[in-house]
Amino acid sequence: MDNKLFGTLSADVIVDTNPFVYSHPIAPEDVLDRDEETHELLRAAVGGHYVRLFAPRKYGKTSLLKRALRDAEEQEGLVPVLVDLYRVVSVADVTIRFERAYARHLKGSLRGKVDDLLQRTGLGLSLGAFGIGARIQVNPRVDPLAALHTLLDLPTKLEQSGGYRAYVALDEFQDVGKVPDLDGLIRSHIQHHGEVASYVFAGSEPGLMKQLFENRDRPLYGSAVPMRLGRLRDEDIAGSIADRFTQTGRGVGEALGPLLATAQGHPQRAIMLAYHVWEQVDAGDTATLEHWERAHAATLAELEPEFDALWRGYHSTVAQKTLRSIVAGGGSAYRTGILRRLELEKSAASAAVQRLLESADIEDAGGRKYRVVDPLYAEWIAAPDAG
């Protein structure tokens, strides 16, 4: 077994593990910086405000929500509930997600009181193993709408059962748009929850989130304070990475500078690069530029299938050409020479820019320039054989 990959083994126990986790949302205590954002979310929750949180993919949105919910519970006594709405397509999906979220988060006597209340409704709801999901599986004809109404109204019951105030985070909220009239159903309940609950509507696709909250014809129009999760500062990334190297008997050394320059403040990509640098450095050693080059190459090799799939997923070559134009033009999408070389009309590029902004593939960099959100994807696009 290669100890370099799996850690040093002693009596079959791994004692030297890579401290950089990038493959899934991390624990609240491991969130890199985000102190200001956490405080802003907590202050809004305590004040009874609803927040619309947007962050591009892989910016640590879910990890931030978990940290804010933990702090809300520990510091303010709020009842935290995190509902994952990723890829919901039906009322049944949403009902099951809400029921399981309450089952995960409610504790102690409050959990017992709420479970008893839910079971008494006769709708098949339960915080135990056999809830509405099991009932639907046994009998697909069960209509979950009444159960969803009950779950959406649950914050009022939490308050009556001894909870102080619910703090409900609805993650990947943009997917509610796939279920007809769901945003209206949600609004019909939360508009009455000002005294018993605070909400965070979190999403990773700005175009869809904008439709839900900024379209005057949609039920949730103007109902939440917007908050955008931005990039991290280099000094915050540097301090955290250096500390974790030191704590595991290594030094980040010469790799730190090019790592920061490559990551460009992107949270997940910074941690991913740090992971691969750490893998190259033996315990007791300090990273060199050679370590960095190998780590950088390993990172891009790992991301190749992801980037290839993303590239091939665009509906037309116009989006691909527009991304190439932005990267080659140093942020400008409309340089005449580049457009001519790519055989791309300016009007087509302009329409593609709007679509790429809405999907968070690119972001506004100011001064009529744009930036690919993922800096490693930008590198991949710039490579001669990309696509």
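Residues numbered from 1 in each chain as written. Predicted model: local features only at pLDDT ≥ 70, side-chain atom pairs only at ≥ 80, totals over all residues. Heavy atoms only, no water.

Details of the overall build of the protein chain
Across its full length, the protein chain carries 18 helices and nine strands. In summary, the protein chain has a C-alpha radius of gyration of 24 Å against a globular reference of 21 Å for 387 residues, a match within 12%. By its C-alpha atoms, the protein chain is 65 × 65 × 40 Å across when sized along the principal axes. Taking contacts inside the protein chain between residues at least 6 apart in sequence as the whole, the part at least 24 apart equals 72%. For the protein chain, the exposed surface amounts to about 18700 Å²; the carbon and sulfur share of it is 50%. Side chains of the protein chain carry 45 positive and 54 negative charges; the gap between the two charge centres is 6 Å. (Helix = DSSP H or I, 4+ residues; strand = E, 2+ residues; numbered from the N terminus. Rg over C-alpha atoms; globule rule 2.2 N^0.38 Å. Contact = heavy atoms within 4.5 Å. Areas by Shrake-Rupley, 256 points an atom, 1.4 Å probe, with all protein chains shown as cover. Lys, Arg positive; Asp, Glu negative; His and termini not counted. Charge placed at Lys NZ, Arg CZ, Asp CG, Glu CD.)

Description of the pattern of salt bridges
Within this structure, the stated rule accounts for 24 salt bridges. Between Asp361 and Arg57 there is a salt bridge whose closest N-O contact spans 3.7 Å. Residue Asp361 is located in the loop between α17 (346–358) and β8 (362–366), and its partner Arg57 is located in the loop between β3 (51–54) and α3 (61–76); the two are separated by 304 residues in the primary sequence. With a relative accessible area of 9%, Asp361 lands in the buried category. The exposure class assigned to Arg57 is partly exposed, which follows from its relative accessible area of 39%. The closest approach of N and O atoms between Asp171 and Lys61, which form a salt bridge, is 2.7 Å. Here the residue Asp171 occupies a position in strand β5 (residues 166–171), and Lys61 occupies one in helix α3, the gap between them amounting to 110 residues. For the residue pair Asp171 and Lys61, the accessibility class agrees, reading buried in each case. Each of Asp33, Glu36, Arg233 and Asp236 takes part in salt bridges that share partners, so that together they form one network. (Salt bridge = Lys/Arg side-chain N within 4 Å of Asp/Glu carboxyl O. Buried < 20%, exposed > 50% of the residue type's maximum accessible area, 1.4 Å probe, protein only.)

Quick look at empty space enclosed by the protein
A complete count under the given rule lists one cavity of 30 Å³ or more for this structure. Roughly 40 Å³ of volume is contained in the largest cavity. Phe98, Tyr102, Leu151, Leu152, Pro155, Val168, Ile186, Ile190 and Tyr199 are the residues that line the largest cavity. Contributions of two or more residues to the lining of the largest cavity are made by α4 (91–105), α7 (145–152) and α9 (182–190). Split into classes, the residues belonging to the lining of the largest cavity amount to nine nonpolar, no polar and no charged. (1 Å grid on protein atoms, 1.4 Å probe; cavity = no way out; pocket = protein on both sides within 12 Å on 5 of 7 lines; lining within 4 Å. Points joined across faces, edges and corners; volume = space filled by probe spheres on them. Nonpolar A, V, L, I, M, F, W, Y, C, P; charged D, E, K, R; others polar.)

Things to note about the sheet that holds β3
In any sheet, the strands associate via hydrogen bonds between backbone groups, in a parallel or an antiparallel arrangement. Strands sit in the order β4-β5-β6-β3-β7 across an open sheet of five strands; the sheet is parallel. One side of each edge strand has no neighbouring strand; the edge strands of this open sheet are β4 (79–84) and β7 (225–228). Ignoring strand direction, the axes of neighbouring strands in this sheet form an average angle of 20°. Judged from the five bridges that link them, β5 and strand β6 (residues 197–203) form a sheet pairing that is parallel. The residue bridging Ala166 from the neighbouring strand is Ala197, located in β6. Sitting on the sheet, helix α10 (residues 206–214) is in contact with β3 and β6, with an inclination near 165° to β3. (Pairing = 2+ DSSP bridges. Axes fitted to C-alpha atoms, helices over the stretch in contact; angles between N-to-C directions.)

Describing the packing of helix α14 (residues 289–312) against helix α18 (residues 375–382)
Running from N to C, α14 and α18 cross one another at 80°; their axes reach a closest spacing of 10 Å. Comparing the axis directions of α14 and α18 gives the class roughly perpendicular. Only Leu376, Tyr377, Glu379, Trp380 and Ile381 of α18 make contact with α14, whose side of the interface consists of His296, Thr299, Leu300, Leu303, Glu304, Phe307, Asp308, Leu310 and Trp311. Each residue belonging to the contact of α14 with α18 can be placed in one class, and the counts come to nine nonpolar, two polar and three charged. (Parallel < 35°, antiparallel > 145°, perpendicular 65-115°, else oblique.)

Some points on the environment of Arg57
Spatially, the C-alpha atom of Arg57 lies 5.6 Å from that of Ser204, the residues being 147 residues apart in sequence. Residue contacts for Arg57: discarding those within four places in its chain leaves Ser204, Glu205, His266, Ser359, Ala360 and Asp361. Among the polar contacts made by the side chain of Arg57, one reaches the main-chain carbonyl oxygen of Ser359 at a distance of 3.2 Å. (Polar contact = N/O pair within 3.5 Å; in protein donor to acceptor, adjacent residues only side chain to side chain.)

Considering the layout of surface pockets
Approximately 410 Å³ is the volume found for the second largest pocket. What lines the second largest pocket is a set of 19 residues, among which Phe54, Pro206, Gly207, Lys210 and Glu214 lie closest to the centre. When residues of the lining of the second largest pocket are traced back to their parent elements, those giving at least two are β3, α10, β7, α17 and β8. Of the residues forming the lining of the second largest pocket, the biggest block, six residues, is contributed by α10. Looking at the lining of the second largest pocket, its residues break down into 10 nonpolar, three polar and six charged.

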